[in-house]
Amino acid sequence: MAAGKQVFAIVKKDVLAELRTKEMVIAMLLFVILAMVVFSQAFGVILNDLDRVGGGLLWVAFLFMSMLGLNRSFVHEKDEGCLEGLLMSPIDRPLIFFGKMLGNLLFLSIVELFAVPIFFVLFRLELGASMAGIFLATIFLSNVGIASVGTLLSTISINTKTRDLMLPILFLPVIIPLLIAAVSATGGIMSGEELTEVYRSMRFIAVYDIIFLLVAYALYDYVISE
Amino acid sequence: MPKQMAELLKHEKQSPTGAQTEIEVAGLSKYFGKRKVLTKISFELEKGGFLSLFGPNGAGKTTLVKILSTLVAPSEGTVSVAGLDPYKNSAAIRAKIGLISHSPLLYLDLSAEENLKFYGAMYGVDNLDARIDELLEQVELDHRRYDLVRTFSKGMTQRLAIARALLHRPSVLFLDEPHTGLDPHAVDIFESLLDTIRQDHTFVMITHNIERGLALCSKAMILYNGQIAFYQNKADLDKDMFNEIYRQKVKGEH
């Protein structure tokens, strides 16, 4: 119960700070829209099978957009020594991870909720109502993995001098398996592939999420402590 | 809770004066890579004691306080706070300690009340709303409780930092240059708050202010190059020796 309150307090604090500054969500949204406009202009007229490559373009935009946000997620904690204040409280370290991860997941999901319809309009793609649920579920599952890995690695990178550079260097190699599965699932849905293939990719993403949530739970005390 | 109490009683220790020892440091060293920041530091502080820690920048004062407050692990030696090992009972110790540093440890984009509510949730403070009312009144910020910390002056921010540090009723307080940036009014509020809680708390204060440091302390220590250059009870304090060592080590006069 106390753990739940502590996690909720961290999420609430991040949401309140974001509502006041609007620096993370607005920057992420602008970036992802600009990236999709660039992609639509660069590839929209020359690719005939956009429903096949659309998944790849979508996830490239989402991945870079998420790095932009994840890099910012610990900035408030470093300001005025707040991370020190948080670490001096008797909260279990993994709960700090879950609080920060849920905040990042929320911000990613909000941005993508606006970005996905824009993507479909820009690339003139269509999706039936029955497939839209599976499509959004795939995106949400992938977001859990991105937020888990990103929160863990941004905790590591925040204490380095080159933190803006360090996060992509650490994040991209680790996220590649999830990226491949997410592209395969969303591409499959857009091109009307057999759902068994899509579900296989979704299962892979779910397993990836569980593994990295457990890894973060086990390592976070060590990662955040010194 | 009974298990924690038993643990506390098991580790309870008396100083030579008969007072219960609150902080005990023995043979403490700290390395950052090859750089040695603290070397074989040993001292004891009784419950209700007040240690004023002096020394030049880079002497290892902040590292020592970070080790005592569980933020940094020691490389060698043992540390005990309230009878507990910070690295075996870190959560239990963190519930008993508070830190007032020159950084306020406050979120600038949250209001005074939101900051205190956040830290109250982290510490599981009972009757949080009443405690926040009481503290905001004590630090004379009740009229600014809904304002963002970003809009506060340095003195007001530091007063709110004092409220944050006292929120969970810690028994040990670490003060890292707490007077830095305070206006005279804030210093008065801070010192009157210190007077109010003096009896029930143990203090370790880093300061460059000799007059205030010596007036408040029960023990004085000068750290230099990570080693203890001076350490005496206030009752036995040789002020000439203190001033001589302070002048040599801190001001670099010979």
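(A) Spotlight on the packing of aromatic side chains. Inspection of every chain in the model, using the stated rule, returns 17 aromatic pairs over all chains. Here Phe98(A) and Tyr217(A) contribute two aromatic rings whose centre-to-centre distance is 6.2 Å and whose plane-to-plane angle is 40 degrees, an arrangement assigned as tilted. Taken together, the residues Phe98(A) in helix α6 (residues 93-122) and Tyr217(A) in helix α9 (residues 195-225) connect sequence positions 119 residues apart. In this structure Tyr217(A) comes out as partly exposed when scored by relative accessible area, which is 49%. Summarising the aromatic geometry, the rings of Phe118(B) and Tyr119(B) are spaced 5.3 Å apart at their centres and angled 70 degrees between planes, so their arrangement reads as edge-to-face. The same class applies to Phe118(B) and to Tyr119(B), which are both buried. A cation sits over an aromatic face here: Lys100(A) above Phe74(A), 5.1 Å from the ring centre.

(B) Local environment of the pairing of strand β3 (residues 50-54) of chain B. Residue and element names in this part refer to chain B. Across the five residues of β3, five count as buried, placing the element largely inside the fold. Judged by which residues are buried, β3 turns out to be covered on both faces: Phe 50, Ser 52 and Phe 54 on one side and Leu 51 and Leu 53 on the other are all buried. Pairing between β3 and strand β7 (residues 202-206): four bridges, direction parallel. From the neighbouring strand, Ser 52 faces β7, where its bridge partner is Met 205. Of the strand pairs in this sheet, β3 and strand β8 (residues 219-224) are connected by four bridges, and their pairing is parallel. Note on β8: the bridge partner recorded for Leu 53 is Met 221.

(C) Local environment of the sheet that holds strand β1 (residues 21-32) of chain B. Residue and element names in this part refer to chain B. Spatially, three strands are ordered β2-β1-β4 in an open sheet, and the strand pairing comes out antiparallel. A strand with exactly one partner marks an edge of an open sheet, and here the two such strands are β2 (35-46) and β4 (76-81). When the angles between neighbouring strand axes are averaged without regard to direction, this sheet yields 15 degrees. Inspection of the sheet shows β1 paired to β2 by eight bridges, in the antiparallel sense. Counterpart to Glu 24 in the pairing with β2 is Glu 44. Relative to the sheet, helix α2 (residues 61-68) contacts β1, β2 and β4, its axis offset from that of β1 by approximately 120 degrees.

What counts and what doesn't
Residues numbered from 1 in each chain as written. Chains lettered and ligands numbered in written order. Predicted model: local features only at pLDDT ≥ 70, side-chain atom pairs only at ≥ 80, totals over all residues. Heavy atoms only, no water. Phe/Tyr/Trp six-rings, centres within 6.5 Å; stacked < 30°, edge-to-face > 60°. Helix = DSSP H or I, 4+ residues; strand = E, 2+ residues; numbered from the N terminus. Buried < 20%, exposed > 50% of the residue type's maximum accessible area, 1.4 Å probe, protein only. Lys NZ or Arg CZ within 6 Å of the ring centre and 35° of its normal. Pairing = 2+ DSSP bridges. Axes fitted to C-alpha atoms, helices over the stretch in contact; angles between N-to-C directions. Contact = heavy atoms within 4.5 Å.

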